[in-house]
Structures are given as C-alpha cells and as structure tokens.
Amino acid sequence: MGLDTTRSPSDRAETPLTAAILAGQWIRAAAVDDARGRTWLANPDARGRSALTAAEPASLYAGAAGIVLFFVELAAATGHEAYLEDARQGARRLAATWREQADLSLYHGLTGTVVALVEAGWALGDDSLEEQARAAAERIVQAARPLEGGPGWTGDPAQRGDGGIVLGLLRAATALGVPGLEEAAMAAGERIAGLAVPGHRFGDCPDLPMDAVTPGFLAGTAGTAFLLARLYGTTGDRRFLDAAGRGAGFVREVSVVAGKCAAVPHHVPHGRGLHYLGFCSGSAGVARMFYELYRVTGDRGHLDWVERLARGIVQSGVPARRTDGFWNVACQCCGTAGLLELFVGLWADTGDDAYLTFAQGLAEHLIGAATDHDGRGLRWYQAYRRLRPGEVSADTGYMVGAAGIGAALLHLDAALQPRQARRVILLPDNPFPAIPVPAARLRDSENE
C-alpha cells in the first residue's frame, strides 16, 4: 500500500487519466538533462534508491526507453505538447547513446531502445530517430552468433533473452520496413522452435533451485511459446505452431485447475503451491501466451485458458487481498498494473463488461495506493522483491514503477472512451488490441 497518511483517498486523484498525469509530474521531477538529452533518476526522493540492484538508466524495464513511451502516450491522451517534448528529449539521448549499451535484450538492453526510438520517431515525426532505430537494430542482427541449432545472442530462449530480441526485431521490421530484420528474427526463432519443449530450462534466477523449471512468461516456457505463436502468425510455418503447442502443453500440464479457474506454479517441482498472479511469472503473463495462440489459430480452446486464468485472478480476492504470489507490489512486472493490462485487453477483445468492471476496481486500488506526500506527484511504494518485504521503494521506470503504472491507467482511460478511441502503445509481447475498445462499441459510438 502507499505511504501517504496525510490525505484521505477522496482527496487523491479520482480518474485514471488524472492519476497518470500526476505520475508524470513525479517522473518529471526526476529529469536529468545534459548536452545529449534527458534521462531520469530511478527514484528522485531524498536518499531515494531504485528497487533494482544495478542502475538501468536507458532500459525499457526501468529507465529512459520506458519513460519515453509513457510520455508519448500521455501526450496522446491529454493533447499537451509539453509531454511530447519530454519524450523528444529522452529519445534524443537514447539516439545519442545507444552504442554504449552492451546488453541487447528487450527489457534491459538495446532492443528496448529500438522499440522506444521507433515509437518516438513516429509520434514526433522525426526521421532521425527512426534512422537511429534502424542502425541499432542492424547492430543487434550483426551481433548474432552461431549456437547449437542456429543463430542467437544469449542462448536463453525466454523473453528475457533471445525471445525478447526476436520480438523486438519483428516490431522494428514492420515499423521500419526492413525485411532483413525479420529474416534474422526468423532464423533465431527456428533455433528456438527446435527445442524439445521451448523455454523449458533449468532455473538460473536468484532465489531459485538450480533444478527448477519456470513455466512463466518473462523467464519461462509461456513467454517462449508466445514468441513461437507470433512467428507462426507472421509466417504460417507449422513448425512454429507445433513448437508453441509443445510449450503450451507443458504449461497446461503443470497448472492447477479448479472448476473454471486455473493458476500456474512459479516453478516446478518445488514451487507448485506458489502461484504468482502478475506478468513476469504468473497468470497475467501466461494468459498472453494462450491469447496469442487463440489470435493466430482461432481455436477457442486457447481463449478458454485465458479466461480460466483471469477467473483464477478474480477468485483469489486481489487486489484487496494479498497472497503469497501477489504481495505489496503495484508495478507492471509482478503487480496490479500488470493485471490491469490483462483485464483491459480482455475487455477490448470480448466486450464482457465483467472484465472492464474488474479493471476499474484494479485502477481504483492503484490510485488509492499512490502517494503524494510532498506535492510533487504520484508514486507507488512497493516491496519489489517478494522475499524481501522490508525493502520498500518507489521507482520512475516502466516495468517497475510509475511510468508503467501510468501507462496501464492510460490504457484503461482509452478503453472508457469509445467516442474518442485512440491507439495505445503496447509492448511487443502484449497481444491485445491496440485500440482497447471492443469493435461493437466502436461501431455503436459511430452510429450515435
């Protein structure tokens, strides 16, 4: 929960849009400018520190790339040009410094910078940003190395490794019109498709036994199966679909099903009773994999699994109730904002009012948990690491802090306005509609 005891909930922001604006105010307080552009402190509080052990000033996960995307969206939602200037200055620095990035991954490295430069270039009408995105993407392609079964970068097929890089290259290939990027992505994807169970690997994450297997999204099987389903949708090559099916089959096999609800263990065999609910390792992320399979095949059995996972989240009692897999955490990665993305997406696809109602409840909880004790804007204090509940901090970044929470609130704001429907920015691993309004509601608003 938030730490703001000086004001009652009724005095705080009342709408998703207002809350996002106030989050932007706090992020702006963290701006640091130099001759090359703008970056943002991970936490501008006095003696503030980031939830992350190592600083990531440029990353999509916790740094400038994600914050640039947030300000692009905030400008679209409000019509205020000043937010575009925030995005411009951040993108300018990314364009000037991307050659200094050693990490190539989507969330923590250069691929995330490519995604941010592509979106910023389009929104700002700045061809120079797209040129830098193209050059950075080419560098990623050239950095591929021979691995067993084909080319790759990290050897890790999950979203945190090669899977995320492939998704970023696919996004860049479409946006920039560079076929070579797609060809490189396909070659790396073919290697991943050749694995017996794609993404099924022994754990090498902190706090996990070395013989653990993770079925989740960011570091596990579900995220890899999502990538392969995306590649099938792009190419129509059954090899990708068959491999995605093997991954999805493993996830179904280890999941806990009770009636019409389902939950996914954090890791097996040791953590079968630990069910994360968020994006990184829990139901909200795994649901993306099943939805992508539904999207590219039309098989409603996959949609049934999305809905089972969503029901499991609802039945758990969150966000009011904390569970072992949903603790004091608000961010996109493992908290309430990640759930909000799922339920807004399900509303946009199905038009089921129950999903929108639950999404609104999640947003109300987020807004109520925010803090603005010093008048500098909203932030969210959270225990980012489940096993260290005493480490409470607030971050500005996308997956771990205010930028991503603000973006999720902006996506709900767009979902609530069919008459002013707008495209929202979804990351390459979010398969839901980019205009988060059911098609029938869009038609109804046009006829009014």
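In the annotation of an unreviewed UniProt entry, the entry for the protein chain reads Lantibiotic modifying-like protein, and the organism field reads Nonomuraea turkmeniaca.

Participant: Please set out the overall build of the protein chain residue by residue, giving values where relevant.
Facilitator: Within the protein chain, the secondary structure is distributed over 15 helices and 6 strands. For a compact globule of 448 residues, the expected C-alpha radius of gyration is about 22 Å, and the protein chain comes in at 20 Å, within 12% of that figure. Each principal axis of the C-alpha atoms in the protein chain carries an extent, and together these give about 55 × 55 × 50 Å. Per-residue burial for the protein chain yields a buried fraction of 59% across its 448 residues. Considering only contacts within the protein chain whose residues lie at least 6 apart along the sequence, 65% involve residues at least 24 apart. Approximately 16,900 Å² of the protein chain is accessible, and the part contributed by carbon and sulfur atoms is 51%. Here the protein chain carries 42 positive and 50 negative side-chain charges, and the mean point of each set is 3 Å from the other.

Participant: Please provide a residue-by-residue account of the pattern of salt bridges, values included.
Facilitator: Within the structure shown, the criterion is met by 25 salt bridges. Between E292 and R230 there is a salt bridge; the shortest N-O distance is 2.7 Å. Residue E292 is located in helix α10 (residues 283–297), and its partner R230 is located in helix α8 (residues 221–235); the two are separated by 62 residues in the primary sequence. In this structure E292 comes out as buried when scored by relative accessible area, which is 0%. On the accessibility criterion, R230 (17% relative accessible area) is buried. Taken together, the shared-partner salt bridges in this structure form one network comprising D45, D372, D374, R376 and R379.

Participant: Quick one: what's the story with the pairing of strand β1 (residues 31–34), residue by residue and with numbers?
Facilitator: Alignment of β1 against strand β2 (residues 37–40), held across 4 bridges, turns out to be antiparallel. When the sheet's bridge partners are listed, A31 is paired in β2 with W40. Linking β1 back to β2 in an antiparallel pair, the connection comprises 2 residues.

Participant: Lay out the nonpolar core with the relevant residues and their values.
Facilitator: Among the nonpolar cores identified, the biggest contains 148 residues, and Y61, M289 and W380 are the most heavily contacted of them. For this core, the element with the highest residue contribution is helix α2 (residues 64–78), accounting for 11 residues. Not counting residues within four places of it along the chain, the set of residues in contact with W380 comprises A23, A330, L366, A369, A370, S393, A394, D395, A402, I405 and L409.

Participant: An account of the state of the cysteines is requested, with residue identities and associated values reported.
Facilitator: Overall, the coordinates contain 0 disulfides when judged by the stated rule. Residue C333 stays outside any disulfide, its sulfur separated by 3.9 Å from that of C280, the closest cysteine. Under the relative-accessibility criterion, C333 is labelled buried at 4%.

Participant: Could you give me a rundown of the side chain of S281, with the residues and numbers involved?
Facilitator: By the secondary structure assignment, S281 is in the loop between β6 (261–263) and α10. Look at S281 and you get buried, because its relative accessible area is 16%. For S281, the residues in contact, after removing those within four places along its chain, are G216, F217, H266 and Y276.

Participant: Describe in detail unusual backbone geometry, supporting the description with residues and values.
Facilitator: A cis amide bond, omega 5°, links V268 with the succeeding residue P269. Here P269 lies in the loop between β6 and α10. In this structure, the amide linkage connecting V318 to the following residue, P319, adopts the cis form with an omega of 10°. By secondary structure assignment, the location of P319 is in the loop between α11 (300–315) and α12 (336–350).

Participant: Quick one: what's the story with the environment of G249, residue by residue and with numbers?
Facilitator: Structurally, G249 is set in helix α9 (residues 238–254). Of the residues examined, G249 reaches a relative accessible area of 24% and is grouped as partly exposed. The spacing of G249 and L218 is 31 residues in sequence and 18 Å in space, taken between C-alpha atoms.

Participant: Tell me what's going on with the packing of helix α4 (residues 110–124) against helix α5 (residues 127–142), and back it up with residues and numbers.
Facilitator: Direction vectors running N to C along α4 and α5 enclose 160°, while the axes themselves pass 8 Å from each other. For the element pair α4 / α5, the angle class is roughly antiparallel. Along this stretch, α4 crosses α5, giving a crossing that reads as left-handed. Two secondary-structure elements touch here, α4 through L110, T111, V114, L117, V118, A120, G121, W122 and L124 and α5 through L129, E130, Q132, A133, A136, A137, R139 and I140.

What counts and how
Residues numbered from 1 in each chain as written. Predicted model: local features only at pLDDT ≥ 70, side-chain atom pairs only at ≥ 80, totals over all residues. Heavy atoms only, no water. Helix = DSSP H or I, 4+ residues; strand = E, 2+ residues; numbered from the N terminus. Rg over C-alpha atoms; globule rule 2.2 N^0.38 Å. Buried < 20%, exposed > 50% of the residue type's maximum accessible area, 1.4 Å probe, protein only. Contact = heavy atoms within 4.5 Å. Areas by Shrake-Rupley, 256 points an atom, 1.4 Å probe, with all protein chains shown as cover. Lys, Arg positive; Asp, Glu negative; His and termini not counted. Charge placed at Lys NZ, Arg CZ, Asp CG, Glu CD. Salt bridge = Lys/Arg side-chain N within 4 Å of Asp/Glu carboxyl O. Pairing = 2+ DSSP bridges. Core = buried A, V, L, I, M, F, W, Y, C linked by side-chain atoms within 4.5 Å. Disulfide = S-S within 2.5 Å. Axes fitted to C-alpha atoms, helices over the stretch in contact; angles between N-to-C directions. Parallel < 35°, antiparallel > 145°, perpendicular 65-115°, else oblique. Left-handed = near helix turned anticlockwise from the far one by under 90°.

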